[in-house]
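Observations on the three-dimensional arrangement
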Amino acid sequence: MTDDLLRRVTGPSDLHQFSELELTLLADEIRALILGCVSEVGGHLAASLGAVELTVALHSVLHSPRDKIIWDVGHQCYAHKIVTGRRDCFAGIRQYGGISGFPCRAESEHDIVGTGHASTSIGYGLGLAEAARLAGEQEGTVVCVIGDGALTGGVAFEALNNIGQMRTPVVVVLNDNQMSIRPNIGALQLYLNRLRLDPALTRLREDIERGVARIPAIGERAYALGKDFKESMKALIIPGMLFEELGFAYLGVVDGHDIRALREAIRQAVDTPRPVLVHVKTVKGKGYEPAEECPDKFHGTGPFHLSNGDSKTAAKGTSYTDAFGDALVRLAERDERVVAITAAMTQGTGLDRFEERFPDRLYDVGIAEEHAVVFAAGLALGGLRPVVAVYSTFLQRAFDMLVQDVGLQKLPVVFAVDRAGLVGDDGPTHHGAFDLSYLRLIPNMTVMAPSSQVELQHMLCTALSLDGPAAIRYPRGMAAVSAPPAELETFELGRGRVLEEGHDVAFIGIGTGVRIAVEAAQKARARGLRPTVVDARFVKPLDTALLDRLASTHERLVTVEENVLAGGFGSAVLECVAGRGVEVIRFGLPDAFVPHGDRERLLADVGLTPDAVAATVCSRPVGLAHAR
Ligand SMILES: Cc1ncc(C[n+]2csc(CCOP(=O)(O)OP(=O)(O)O)c2C)c(N)n1
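Residues numbered from 1 in each chain as written. Predicted model: local features only at pLDDT ≥ 70, side-chain atom pairs only at ≥ 80, totals over all residues.

A word on helix H16 (residues 369–381)
The end-to-end C-alpha distance of H16 is 18 Å, a good match for the 18 Å that 13 residues give at a rise of 1.5 Å each. Looking at H16, one finds that the buried residues are Glu369, Glu370, Ala372, Val373, Phe375, Ala376, Ala377, Leu379 and Ala380. Elements that come into contact with the buried residues of H16 comprise helix H6 (154–166), strand S7 (338–342), strand S9 (385–391), helix H17 (392–395) and helix H18 (399–407). Positive backbone phi, approximately 100°, marks Gly383, located one or two places after H16. (Helix = DSSP H or I, 4+ residues; strand = E, 2+ residues; numbered from the N terminus. Expected span 1.5 Å × (residues − 1). Buried ≥ 20, exposed ≤ 12 C-beta atoms within 10 Å, placed from the backbone. Contact = placed C-beta atoms within 7 Å.)

Comments concerning the domain arrangement of the protein
Domain annotation of the protein identifies domain 1 (6–293), domain 2 (318–479) and domain 3 (497–619). Taking only C-alpha atoms into account, the centre of domain 2 sits 25 Å from that of domain 3. Taken together, the 26 residues of domain 2 in the interface contact 30 residues of domain 3. At the level of elements, helix H19 (435–440) and strand S11 (446–448) are the ones that each hand at least two residues to the side of domain 2 that touches domain 3. With four residues, H19 is the single largest residue contributor to the side of domain 2 that touches domain 3. Along the lines of polarity and charge, the residues of the side of domain 2 that touches domain 3 split into 14 nonpolar, seven polar and five charged. (Domains from an automatic or database assignment. Nonpolar A, V, L, I, M, F, W, Y, C, P; charged D, E, K, R; others polar.)

Here's the deal with the confidence of the model for the protein
Fine structural detail should not be taken from predicted coordinates in areas where pLDDT scores are low. When pLDDT is averaged across the protein, the result is 92; 92% of the residues are at 70 or more. Across residues 624–628 the pLDDT falls below 50, and counting only partners more than four positions away or on other chains, this stretch makes twelve contacts in the model. (pLDDT = per-residue confidence, 0-100.)

Examining the site of the ligand
Contacts to the ligand come from 24 residues, most closely from Ala47, Ala118, Gly147, Gly149 and Ala150. A breakdown of the residues in the shell around the ligand according to their chemical character gives eleven nonpolar, nine polar and four charged. Two domains each put at least three residues into the shell around the ligand: domain 1 (6–293) and domain 2 (318–479). (Near = placed C-beta within 6 Å.)

Details of the nonpolar core
Counting residues in each nonpolar core, the largest one holds 178 residues, and the members touching the most others are Val278, Ala372, Val388 and Ile472. Beyond its immediate chain neighbours, meaning those up to four positions away, Ala372 contacts Ile341, Ala343, Val365, Val388, Val390 and Ala398. (Core = buried A, V, L, I, M, F, W, Y, C linked by C-beta atoms within 7 Å.)

Here's the deal with the pairing of strand S12 (residues 470–473)
Judged by which residues are buried, S12 turns out to be covered on both faces: Ala470 and Ile472 on one side and Ala471 and Arg473 on the other are all buried. The pairing of strand S10 (residues 414–418) with S12 spans four bridges and is classified as parallel. Bridge pairing links Val414 to Ala470 in S12. Where S11 meets S12, three bridges bridge the pair, whose relative direction is parallel. Looking at the pairing, Thr446 lines up with Ala470 of S12. As a crossover connection, the stretch from S11 through helix H20 (residues 453–465) into S12 is right-handed. (Pairing = 2+ DSSP bridges. Right-handed = clockwise from strand over helix to strand, strands pointing away.)

Comments concerning unusual backbone geometry
Here the bond from Ser64 into Pro65 is cis, since omega is 10°, no more than 30 degrees from zero. Within the secondary structure, Pro65 is located in the loop between helix H3 (52–61) and strand S1 (68–71). Note that the residue after Lys540, namely Pro541, is joined by a cis bond; omega there is -5°. Here Pro541 is to be found in the loop between strand S17 (538–540) and helix H22 (544–553). Here the phi dihedral of Arg94 falls at roughly 70°; this positive angle occurs in a residue that is not glycine. Examined against the element boundaries, Arg94 turns out to sit in the loop between helix H4 (78–86) and helix H5 (121–134). For Arg94, a count of 22 C-beta atoms within 10 Å corresponds to the buried category.

Topic: the sheet that holds strand S2 (residues 142–147)
Sheet strands associate in pairs through backbone hydrogen bonding, adopting either a parallel or an antiparallel arrangement. Ordered in space as S1-S2-S3-S5-S4, the five strands form an open sheet in which the pairing is parallel. Strand pairing shows two members of the sheet lacking a second neighbour, S1 and strand S4 (249–255), which therefore form its edges. Across the sheet, the mean angle separating the axes of adjacent strands is 20° when strand polarity is ignored. The pairing of S4 with strand S5 (residues 276–281) spans six bridges and is classified as parallel. Across the sheet, the residue bridging to Tyr250 is Leu277, located in S5. (Axes fitted to C-alpha atoms, helices over the stretch in contact; angles between N-to-C directions.)

Listed below in C-alpha cells is the structure:
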C-alpha cells in the first residue's frame, strides 16, 4: 500500500482539499499505517481501526482546533494522531519517550483534553461550549465522540441530562460498534440495537419529520403547533426516542465506514442550533480480519504477526490477575455466598474463569465503577460476600462509595484492586499510583498488598473471612509460576512477616516493594550492614507491635512501596513511629504523574530499584536520626 495521500497531510486542514474518493483512499492508507505500527509495538488496535473513516470525515468537515473534537476514553484516537501532525512519530506510540496512546494536551493543540478514563467527553464538551458562549465566541463546534461502551457510564448520562436542560448546541457522536471491551451489555445497548437493526424505525422518523404537514387538516394544525408537536408525534410513534426526549436532535443510523454519509451527517449536525446526537454504526477492528473476528483480543494488544494475528510474545509465568481468578473460584466453590462484580473488565480482571464456573454469580455492570461499588454494598447487605475486581485507576472514580456506602456501613465487600503501581505503556491515566493512600484513610477498611501470587491467594481467603470491607492491591504482569497452595490460609490480621532478622537498618517492603527491599538489603549486606527485612503484608491495620520493636532496635527504617509517597505505606509507618527518634527513609512514587513507557524503565526513573534504594540507604552513615 502506498502512502501518497498520507504524505500530503501535515495537518487536519489538508483534508479539506481532498475529494471524497481521496478521503476514502486516505482512510485505507491510515489503516495500513496503524496496523503496521501496532503489530510492531502493540496498542489499542480494534477501536482505532473502527474509527478511521469517522476520524477522516470529522477532520475533513471540521476545522480543528477551532472546532473541538473530544475523544472519549481516547484509545480510538490513532487516526486522529496521524492526521494531526504525528504521522512521522506514530511508530513510537506508547514507547518510552514516544507519543502517548491517548490524547495528550502537551502533545498537540488538536488533543483538546487528555483522556483515558471513560464517559467524560460529553461533560468536557458541555463545559467547553458553555465557556465559548460566555466569551461571546461565535465560531467553533464542540464534538464529543463517545462509544456505546463509554455511554454505559453514569457520568455520561449526567452530562446528557445537563445538556438537555441547557440546550447548548454540542454534537455528540455515538460510535456504536456494539462492543465495550467485550460485547456491550445493558438495557441501553438493547435500545441501541433496536435503533440500529430496524431501518424501518429510522425511515418512519424521517417520514414524520417531512410528512406531518401533509396530512390534511391535522398537518396544518400540527404545523401551527410547531416543533414540539412534531417531537411528541415521533416520541409517540417511535417508543423510546430516548435521545430526543433528553433534548437532542437524533441523526442516524449512519454507516460509520461510509465517508460521504458521515460527512453529510456531520455537516447537518454542525448546522443544527441545538444539541445533536449522531448515531454512527461502526465495526470494531474494521479492515483487519483477525481483529474483526476477535475485537476483544485486539482491544489492547501486544506485538503480533500481521499475517495471522498471532502474538509475537510468549507469556512467561502467570499473572497476579490469573492467581486471583483461580483463588476466587476455589473460594467460591466452598462458599456459595461469594459473588463477583466487574465494571466491563471481566477478562482484564481475571474473572473469566469465575464466569465460566459460576455464570449466575458474576455481574458485569458496564463501565460503571460507582454503581459497581454501591451494588456490591447492596449485595453484602443482603448477606452475600461480593468481590469487586477492578483496576486501581478506575476504582478512584468510586471513592465516595468506598467511604459512604462500604466503609461507613462496615459491609463485608472485598476489593481486588488489580494494576496497582505503574502499568507501563498506557501511562499516567492508567497507573495505579494512589490506591494505598485513598484506601488507607477509610475507617473499617483492611488494606493488604501481596509480595507474591501465593500471598495474594491467602489474602483473598483472609479478606473473605472478615466482617468488614477489605482491599487487596496487586500489580500488573507476570511472576514466576508457583504452585498454588494446597490450602488457602487466613492470615492474622495486621501482622507483617519478618524475612530476616538483623539490626541497624530495617527494610520494610509492601507488595512489589518487598522484592526491592529484599534485594536492596542484600546489597546493603554486601556493604557491611546487618539489615532486617520485612514483608509488611498489611497497610491497614498496620503491624504497630512490629514497628515499635523495629523502632527501638534499629537506627533506620526504610520503606518501599509502589504507591505515591503522599499518604501511602511509608507515611503510615512514619506516623506510627513519629517521635521515636528512629530515622525513616521512604521509597515510592513521586508527587508527579509518571509518563508512559516500559515499566522497568519507569521504575528506574523514579528510583524504585534495589540499586537505587541500596545506594541511598548506604550513602548515609547509620547514626543520624532524622525522618524524611
Ligand atoms: C472509567 C473506566 N473504566 C474502565 C475503562 C476500561 N476500558 C477502556 S476502553 C473500554 C471499552 C470502551 O468501549 P466503547 O466506549 O464502546 O469504545 P470501543 O472500544 O468499543 O470503541 C473499557 C471498559 C476505562 N477506560 N475507564
